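Results of the structural survey
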Amino acid sequence: MQNVIGIDAGGTLTKVAYINDQNEMAFKIFPSNDFAQVKHWIEQHAHIQEIGLTGGRTKQLLEVLNTMKSIQYLVEFEATIKGVRYLLKKEGHQLKRGIITNIGTGTSIHYMEDTEHFRVGGTGIGGGTLTGLSTIMTGISDFNEITKKAHDGSRESIDLFVKDIFQGMEPPISGHLTASNFGNVSILKDKKHKDQDLLATIQGLVGEVISTLSIQFAEERKSESIIYIGSTLMNNEHLKKVIGNYTILKKHHPIFLTNSGFAGAIGALLFKVEQSKQTS
Ligand SMILES: Nc1ncnc2c1ncn2[C@@H]1O[C@H](COP(=O)(O)OP(=O)(O)OP(=O)(O)O)[C@@H](O)[C@H]1O
Ligand SMILES: [Mg+2]
């Protein structure tokens, strides 16, 4: 099966899933603004014969790859759900139904029940928002630096919490909930903020919008579990904490899967593997 790979050419990142020399599934990431790197990697792996390709930048990648291999286009949602089902099984989850929230450059939300699935909505607030706002507000654009610094940051002086408004009173809802993301800035009139605090607060904004929307869809569909996937969660404990805590507070069950950013590429690989088994 080493001659088959799956590629997910996303808005920001191109993910590759392949079978390595030890016969295990392995992964590679390339920036989607430099497809020559993907082409070079495929050329270096001359044994690759078949490619399952998915993602919004499929057409752009195809133009760079030209007709170098046998390439089959797969619908992104189908490939992603197939990858999610594989990862759920691998990690021992047995779900009848669930909301799947894919936090990519933007965020796409799906509902899955038994063998069926469909898109229920989404938001433009996603990983691109996280890196974009971080770059504009702090000058830090490297994703790993953003997540590392955010981890040490505090939201206290920038966000306005319910307890900040209801001082000396019993608030009608939990005092620790965010009343207004970034809402404390204009009130405190404190213009100086540490990069790490700004980065933590941006993660709070992004995570809370995404989890709030996901929870609403979960309630509408009477689904207990919400599976959060996408490369935005990769090595990003702070965002996972924001999303996980809020989801639990709202009485839903958050699931974070290892390598979830590769779900689309895994699905594309599995489609091709199944196909070649059928034809051999
Ligand atoms: N090495 C990296 N470089 C840039 N962004 C990264 C990196 N690692 C993680 N990210 C984060 O992951 C996000 C992209 O996630 P993902 O790969 O799931 O989306 P995509 O497939 O490119 O986009 P979409 O699905 O919306 O087309 C980025 O916006 C950023 O927040
Ligand atoms: Mg994607």
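Residues numbered from 1 in each chain as written. Chains lettered and ligands numbered in written order. Predicted model: local features only at pLDDT ≥ 70, side-chain atom pairs only at ≥ 80, totals over all residues. Heavy atoms only, no water.

Glancing now at the site of ligand 1. Looking at ligand 1, there are 18 residues lining it, with Gly11, Thr12, Lys15, Thr105 and Ser231 nearest. In the environment of ligand 1, an oxygen atom lies 2.8 Å from a nitrogen or oxygen atom belonging to the backbone of Thr12. In isolation ligand 1 has 650 Å² of accessible area, and contact with the protein removes 81% of it. When residues of the shell around ligand 1 are assigned to domains, at least three fall in each of domain 1 (4-78 + 262-279) and domain 2 (127-158 + 193-256). (Near = heavy atom within 4 Å. Polar contact = N/O pair within 3.5 Å; in protein donor to acceptor, adjacent residues only side chain to side chain. Areas by Shrake-Rupley, 256 points an atom, 1.4 Å probe, with all protein chains shown as cover. Domains from an automatic or database assignment.)

The strand order β3-β2-β1-β4-β5 describes an open sheet built from five strands, whose pairing is mixed. In this open sheet, the two edge strands, each paired with only one partner strand, are β3 (25-31) and β5 (70-73). Geometrically, the sheet is characterised by an average inter-axis angle of 20° between neighbouring strands, direction not taken into account. Of the strand pairs in this sheet, strand β2 (residues 13-19) and β3 are connected by seven bridges, and their pairing is antiparallel. Counted as the bridge partner of Ile19 is Met25 from β3. In the packing of helix α2 (residues 58-65) onto the sheet, contacts are made with β1 (4-9), β4 (50-54) and β5, and the angle to β4 comes to roughly 145°. (Pairing = 2+ DSSP bridges. Helix = DSSP H or I, 4+ residues; strand = E, 2+ residues; numbered from the N terminus. Axes fitted to C-alpha atoms, helices over the stretch in contact; angles between N-to-C directions. Contact = heavy atoms within 4.5 Å.)

Looking now at the domain arrangement of the protein chain. Entries for the protein chain in the domain assignment read domain 1 (4-78 + 262-279) and domain 2 (127-158 + 193-256). The straight-line distance from the C-alpha centre of domain 1 to that of domain 2 is 28 Å.

Moving on: the packing of helix α8 (residues 195-220) against helix α9 (residues 237-249). Working note: a packed helix pair is described by the angle between its axes plus the distance between those axes. Closest axis-to-axis distance for the α8/α9 pair is 8 Å, and the angle between their directions is 40°. In the packing of α8 onto α9, the handedness of the crossing is right-handed. Counted together, Ala200, Gln203, Gly204, Gly207, Glu208, Ser211, Thr212 and Ile215 of α8 and His238, Leu239, Val242, Ile243, Tyr246 and Thr247 of α9 form the full contact between these two elements. Partitioning the contact of α8 with α9 into residue classes produces six nonpolar, seven polar and one charged. (Left-handed = near helix turned anticlockwise from the far one by under 90°. Nonpolar A, V, L, I, M, F, W, Y, C, P; charged D, E, K, R; others polar.)

It is worth spelling out the environment of Gly106 at this point. Within the element layout of this structure, Gly106 appears in the loop between β6 (97-103) and β7 (107-113). With relative accessibility at 34%, the residue Gly106 sits in the partly exposed group. Taking C-alpha positions, Gly106 is 4.2 Å from Gly126, a pair spaced 20 residues apart along the chain. Beyond its immediate stretch of four places on either side in the chain, Gly106 contacts Thr123, Gly124 and Gly126. (Buried < 20%, exposed > 50% of the residue type's maximum accessible area, 1.4 Å probe, protein only.)

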